[in-house]
Amino acid sequence: MLIHSFHIPKKIFILILIFLILISVTASIAFFYFYNSSQRNTLDNTNVPEVPIDVKVEEIPDDNKKDDSKKIIKWVDFNVTADALSKTANLDIESHQKQEEIKYNWIELLAYLACKNGGNFKNFKSSDLDNLVSKLQKGSTMEDLTSSMKYYNYYFESYSAVLGGMIGNYSIQVANTENSKTYEEKYGLKAFLPIAKNYSFSHYDDFGNSRSYGFKRVHLGNDLMGSIGTPVIAVESGIIEHLGWNQYGGWRIGIRSFDSKRYYYYAHLRKNHPYNNGLKEGMTVNAGDVIGYLGMTGYSIKENVNNINVPHLHFGMQLIFDESQVDSPNEIWIDVYQIIEFLKKNRSEVYMSNKETKDYNRKIDFKDSLSKADF
Ligand SMILES: [Zn+2]
């Protein structure tokens, strides 16, 4: 009797059975799918954050698009520390100087590390670099190691724009007689600190601080406080693009790198004698050349006025991935504080070369291997 009250008609029983089978099949498929995808993630993407922290990638490369020419980087948040710059630069330079079998490219190493730390070098771990080096030593290639890194190309291109002219071939004067100069070909750091050797300066990371002269804006560079007249040095070789008065920068000089991706801006140069004698727009300068003298001009529509309170060199670096980014609201200026710290190891020594004009010149001659013809 009791059994009868639980009797289920055969048709309904079959329907329930089919339903249960469908559910279990769906559940199994779902389980295997998620299990496999999580396995894949743990195997290939260990410690690789999906989205970089602190980095605005406005143009993410789309693998489906074949035309790469129109993807322009619109923003770079450069925060590579002086420590990471030094460590990777040393690997690059030593492996080239000693002609080791595996030659490192510091920009590749830094782009890989950026993928590991989400573009935030506050999280930089030396062990990440050591692990990378050991993988490369064991035969892995950068191509293999970075193929699954979504943002590797973005970081590589960004860092190439920032650091592309700092390490490479150059010739430097080794001996000097009355009539001849002897040069030696070298591979190494060929960018210089913008303050001449033996001149003191102080600075702190003031990028992004607010400024009120003219209109409310942020500080797009690094101020190097020093004495009036301190020789200012060209950080990288390039072509003088602007030389003259500017309401904000006072006497300023703007130099474009040979690959045209960097615009170096040196401002507030000395009243009455801002530039090294003879410099003009369109001229080529070499890294380490004396280009001008530290001062306090600027914040005035009228020329040659000292309206800056504390003598300093304003040093800025603008990145240009496309000429449309010049003189536009889309200018990309980066924080150069860590670069200045890094460049403290390479300073240009100077002497007074002209007692009449009181101009200074570099002591050791240097020729950049890059020239306009290479691009
Ligand atoms: Zn400044």
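Residues numbered from 1 in each chain as written. Predicted model: local features only at pLDDT ≥ 70, side-chain atom pairs only at ≥ 80, totals over all residues.

**Details of the packing of helix α4 (residues 106-117) against helix α7 (residues 152-163)**
Put simply, the rule reads: Orientation is described by lines fitted to C-alpha atoms, with helices fitted over the stretch in contact, and by angles between N-to-C directions that extend from 0 to 180 degrees. For helices the rule is a DSSP run of H or I covering at least 4 residues; for strands it is a run of E covering at least 2, with both sets numbered from the N terminus onward. Roughly parallel refers to an angle under 35 degrees, roughly antiparallel to one over 145, roughly perpendicular to one between 65 and 115, and oblique to any angle outside these ranges. A crossing counts as left-handed when the near helix is turned anticlockwise from the far one by less than a right angle, and as right-handed when that turn is clockwise. Residues are treated as contacting if the C-beta atoms built from their backbones sit within 7 Å of each other.
Close contact between α4 and α7 brings their axes to 8 Å; oriented N to C, the two are set at 135°. When the axis of α4 is compared with that of α7, the two are oblique. The handedness of the crossing between α4 and α7 is right-handed. Contact residues: I107, E108, L110, A111, Y112, A114 and C115 in α4; Y152, Y155, F156, Y159, S160 and L163 in α7.

**Describing the packing of α4 against helix α5 (residues 126-137)**
Applied cut-off: Nonpolar residues are Ala, Val, Leu, Ile, Met, Phe, Trp, Tyr, Cys and Pro. Charged residues are Asp, Glu, Lys and Arg, and all others, Gly as well, are polar.
Two elements in contact, α4 and α5, have axes whose closest approach is 10 Å; the angle formed by their N-to-C orientations is 125°. Considering the angle they form, α4 stands oblique to α5. As for how α4 packs across α5, the hand of that crossing is right-handed. In this structure, α4 uses L109, Y112, L113 and K116 to contact α5, whose residues at the interface are D128, L129 and L132. Looking at side-chain class alone, the contact of α4 with α5 contains 5 nonpolar, no polar and 2 charged residues.

**Re helix α3 (residues 82-97)**
Rule in force here: Expected helix span is given by 1.5 Å per residue-to-residue step, counting one fewer step than there are residues. We call a residue exposed when 12 or fewer other C-beta atoms sit within 10 Å of its C-beta, buried when the count reaches 20 or more, and partly exposed for counts in between; the C-beta positions come from the backbone.
Under the 1.5 Å per step criterion, the end-to-end length of α3 is 22 Å for 16 residues, consistent within 8% with the ideal 22 Å. Of all the residues in α3, the buried ones are A84, L85, K87, T88, A89, L91 and D92. Positive phi shows up at Q99, right after α3, with a value of about 50°.

**Concerning the pairing of strand β9 (residues 262-267)**
The condition is simple: A strand pair is defined by DSSP finding two or more bridges across the two strands.
Counting buried residues in β9 gives 6 out of 6 residues, a clear majority hidden from the surface. Side-chain alternation along β9 places R262, Y264 and Y266 on one buried face and Y263, Y265 and A267 on a second face that is also buried. Relative to β9, strand β8 (residues 250-256) is paired through 4 bridges, and the arrangement is antiparallel. Across the sheet, residue R256 finds its bridge partner in β9, namely Y263. Connecting the antiparallel pair β8 and β9 is a turn made up of 5 residues, with S260 showing a positive phi of about 65°.

Such coordinate-based values are descriptive only and should not be taken to indicate function.
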